[in-house]
Amino acid sequence: MTTSVDNAQTATDPTDTLGTVIDDVIRPQAPIVDRDGAFPRPGVDALAAAGLLGLASSTEVGGSGHGMRAVAEVIERLAAECGSTAMVVLMHYAATAVIEAYGPHDVRSAIASGNHLTTLAFSEYGSRSHFWSPTGTATAADDDTVRLDARKSWVTSAGEANSYVWSSLPLTRDAGPMTLWLVPADSAGLSVTGDFDGLGLRGNGSRPMTADGLRVPATARMAADGAGLDTALGAVLPWFLVLNAAFCLGLADSAVAEAGRHLTRTTLTHTGAALRDAPVTRRDLARLMIRTDALRAFLGDTLTALETGRDDAMLRVLQVKALAGETVADVTDGAMQLCGGSAFRKELGLERRFRDARAARVMAPTTDALHDFVGRLATGLPLLDEANR
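Conventions adopted
Counting from 1, residues in each chain are numbered in the order their sequence is written. Only residues with pLDDT of 70 or above have their local features reported here, since the model is predicted, and side-chain atom pairs are shown and tallied only from 80 upward, although totals for entire chains, interfaces and linings are computed over all residues. To obtain the side-chain values, all non-hydrogen atoms of the structure were included, while hydrogens and water were left out. At least two DSSP bridges between two strands are needed for those strands to be called paired. Where helices and strands are cited, they refer to DSSP runs of H or I of at least four residues and of E of at least two residues respectively, numbered from the N terminus. To define axes, lines are fitted to C-alpha atoms, for helices over the stretch in contact only, and angles between the resulting N-to-C directions are given on a 0 to 180 degree scale. Our angle categories are set so that under 35 degrees counts as roughly parallel, over 145 as roughly antiparallel, 65 to 115 as roughly perpendicular, and the remainder as oblique. A crossing counts as left-handed when the near helix is turned anticlockwise from the far one by less than a right angle, and as right-handed when that turn is clockwise. Residues are grouped as follows: nonpolar covers Ala, Val, Leu, Ile, Met, Phe, Trp, Tyr, Cys and Pro; charged covers Asp, Glu, Lys and Arg; every other residue, Gly included, is treated as polar. Centres within 6.5 Å are what make two rings of Phe, Tyr or Trp a pair, Trp counting through its six-membered ring; a difference in plane orientation under 30 degrees is then read as stacked, over 60 as edge-to-face, and the rest as tilted. Summary of the burial criterion: residues with accessible area below 20% of their type's maximum are buried, those above 50% are exposed, and those between are partly exposed, where the area comes from a 1.4 Å probe applied to protein chains only. In this analysis the charged atom, NZ for Lys or CZ for Arg, is taken to sit over a ring once it is within 6 Å of the ring centre and within 35 degrees of the ring normal. Note on contacts: a residue pair is in contact if any heavy atoms of the two residues lie within 4.5 Å. Bending is quantified residue by residue as the angle between axes fitted to the seven-residue window ending at that residue and the seven-residue window starting at it. Every case where a carboxyl oxygen of Asp or Glu lies within 4 Å of a side-chain nitrogen of Lys or Arg is listed as a salt bridge. Here the limits of each domain have been adopted from an automatic or database domain assignment. Buried area is a sum: the accessible area each of two parts loses on coming together, probed at 1.4 Å, counted once for each and added. Distance and chemistry together define a polar contact, namely a pair of N or O atoms within 3.5 Å, with one atom able to donate a hydrogen and the other to accept it when in protein, and with adjacent residues in sequence counting only for side-chain atoms on both sides.

Asks: Sorry, what's going on with the sheet that holds strand S3 (residues 145-155) here?
Replies: Strand pairing in a sheet relies on backbone hydrogen bonds. The paired strands run either parallel or antiparallel. As summarised here, the arrangement of the 4 strands in space is S2-S3-S7-S6, forming an open sheet in which the pairing is antiparallel. Each end of this open sheet is capped by a strand with a single partner; those strands are strand S2 (137-140) and strand S6 (190-192). Neighbouring strand axes in the sheet, compared pairwise and without regard to direction, differ in orientation by 10° on average. Bridge analysis of S3 against strand S7 (residues 207-217) gives 8 bridges, and the strand direction is antiparallel. Residue pairing in the sheet places Val146 in a bridge with Val216 of S7.

Asks: Hey, could you run me through the packing of helix H6 (residues 228-265) against helix H8 (residues 313-339) in this one?
Replies: Axis separation between H6 and H8 bottoms out at 8 Å; the angle between their running directions is 20°. Classified by the interaxial angle, the pair formed by H6 and H8 is roughly parallel. Crossing of H6 over H8 shows left-handed handedness. A breakdown of the residues in the contact of H6 with H8 according to their chemical character gives 22 nonpolar, 4 polar and 1 charged.

Asks: It is not clear to me how the packing of aromatic side chains should be interpreted in this structure. Could you clarify?
Replies: Two aromatic rings, taken as a pair, are described by how far apart their centres are and by the angle between their planes. Evaluation of the coordinates by the stated rule reveals 4 aromatic pairs. Centre to centre, the rings of Phe122 and Phe131 are 6.2 Å apart; their planes meet at 20°, and the pair counts as stacked. For the pair shown, Phe122 and Phe131 are each scored as buried. Between Arg358 and the ring centre of Phe354, over which it is positioned, the NZ or CZ distance is 3.9 Å.

Asks: How should the side chain of Thr281 be read in this particular structure?
Replies: Along the chain, Thr281 falls in helix H7 (residues 279-308). Since its relative accessible area comes to 17%, Thr281 is described here as buried. Residues in contact with Thr281, not counting those within four places in the same chain, are Leu263, Leu275 and Leu338.

Asks: Would you take a moment to explain helix H1 (residues 18-36) for this structure?
Replies: Since the α-helix packs 3.6 residues into each turn, any two residues three or four apart lie on the same face. The largest bend along H1 measures about 40° and falls at Ala30, with the proline Pro31 one to four residues further on. Buried within H1 are the following residues: Leu18, Gly19, Val21, Ile22, Val25, Ile26, Ala30, Val33 and Asp34. In the core, the buried residues of H1 are packed alongside helix H2 (41-49), helix H3 (68-81), helix H4 (83-102) and helix H9 (350-357). Downstream of H1 by one or two residues, Gly37 has phi in the positive range, about 60°.

Asks: Explain the pattern of salt bridges here, please?
Replies: One side chain can pair with another of opposite charge once the charged atoms of both are near each other. For the coordinates displayed, the defined rule picks out 31 salt bridges. Note that Arg355 is salt-bridged to Asp34, the shortest N-O span being 2.7 Å. Of this pair, Arg355 sits in helix H9 while Asp34 sits in helix H1, placing them 321 residues apart in sequence. Sharing partners across several salt bridges, the network here consists of Asp34, Lys346, Glu351 and Arg355.

Asks: Looking at this structure, how should I read the domain arrangement of the protein?
Replies: How big an interface is tends to be stated in terms of the accessible area lost upon association of its parts. Structurally, the protein comprises domain 1 (15-116), domain 2 (121-225) and domain 3 (229-383). Between the C-alpha centres of domain 1 and domain 2 there is a distance of 22 Å. The interface of domain 1 with domain 2 comprises 23 residues on the first partner and 15 residues on the second. Around 1,500 Å² of area is buried between domain 1 and domain 2 when both sides are counted, 65% of it from carbon and sulfur atoms. Considering only the surface of domain 1 that becomes buried against domain 2, Phe39, Tyr102 and His116 emerge as the three largest contributors, covering 30% of it. The tally of links between domain 1 and domain 2 comes to 1 salt bridge. The closest approach of N and O atoms between Glu160 and Arg41, which form a salt bridge, is 3.1 Å. Our count for the contact surface shared by domain 1 and domain 2 stands at 6 residue pairs in polar contact (both at pLDDT 80 or more). Every element with two or more residues in the side of domain 1 that touches domain 2 is listed here: H1 and H4. It is H4 that provides the largest number of residues to the side of domain 1 that touches domain 2, a total of 9 residues.

Asks: Is there a simple way to explain the sheet that holds strand S1 (residues 118-121) in this structure?
Replies: Pairing is mixed across the open sheet formed by 4 strands, whose spatial order is S1-S4-S5-S8. Each having just a single partner strand, S1 and strand S8 (221-222) make up the two edges of the open sheet. Here S1 pairs with strand S4 (residues 163-168) via 4 bridges, running parallel. Directly across from Thr119, in S4, lies its bridge partner Tyr164. Against the sheet, H4 touches S1, S4, strand S5 (179-184) and S8, its axis set at about 90° to S1.

Below you can see the structure in the form of structure tokens.
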């Protein structure tokens, strides 16, 4: 498991423009995206124009060449304003990690220039959150193409992305548990087969997709046949789990900040006291702050473990999303309680963050699965049983 250390920032660092994009587009659009369940196209386009979709792309293909720490900061800041936009971009970066390692030069260049949005297509109806056990098939044809057939259950940016990092069973039965493909969005036989009207992350476009006789060239395969699980665990999973933790941190931190503002500016007319004047209220806010700051410290240590190649890097990566999912659920719940009835109104934005925070626990690998993985590593067992490899 490796991740690049951030390159020295330049005068044209695209992260310098992130605040402007947030102020001008992301924050004003966030309530609309949530209310309408609309894909956050204006925000994604603004991020692309600012060079942020190519943040993790190599400088060799025109990208910014940043590592995971800078990318995590972007996801954290986006999640604080719009969870749906943050999740779309998170999945783009996770897919970019494997495309950077195994994808074609032209797609890598398109991502680097901001002209290509990508995403992961792993979860399937047959195996649900067990992404490591695909049921969709890949069949070699005589014309040097491969036929893909699958029913994907949840694909972020479905129908909106330009490509999908697609998992399937291997071409050769005994080659391994999974093979990865780069599937263009305009492939014949690829379709979005449902809508998404969810509790939270309502604009992330997470919808089912079907491949029915979809054909891709044999060269669309990324890594060796059957090596997809190792690629997913080594190249994709660290990005996905760490960025999910950054996503949770952004939600939690913004909820605590909003709760603090509400307690400070709200007064009781009959006593003249602000809500912050109650010791119990201050104590409860402090607890939420401490939980959030603890997550920030753990995320920072995880990034350091990856950057320095520490022996516990894999353990930290698995732990950080599990910790983050529980932390953000508890912190947003606590912020709702602190702000009382006002938190149920749309204008504070707390109820939106509360709803968005519920996703972290159930996004694969789920918190329960991660706890099992951590326990396996801690007791000397392999991450997955041999039957799943």
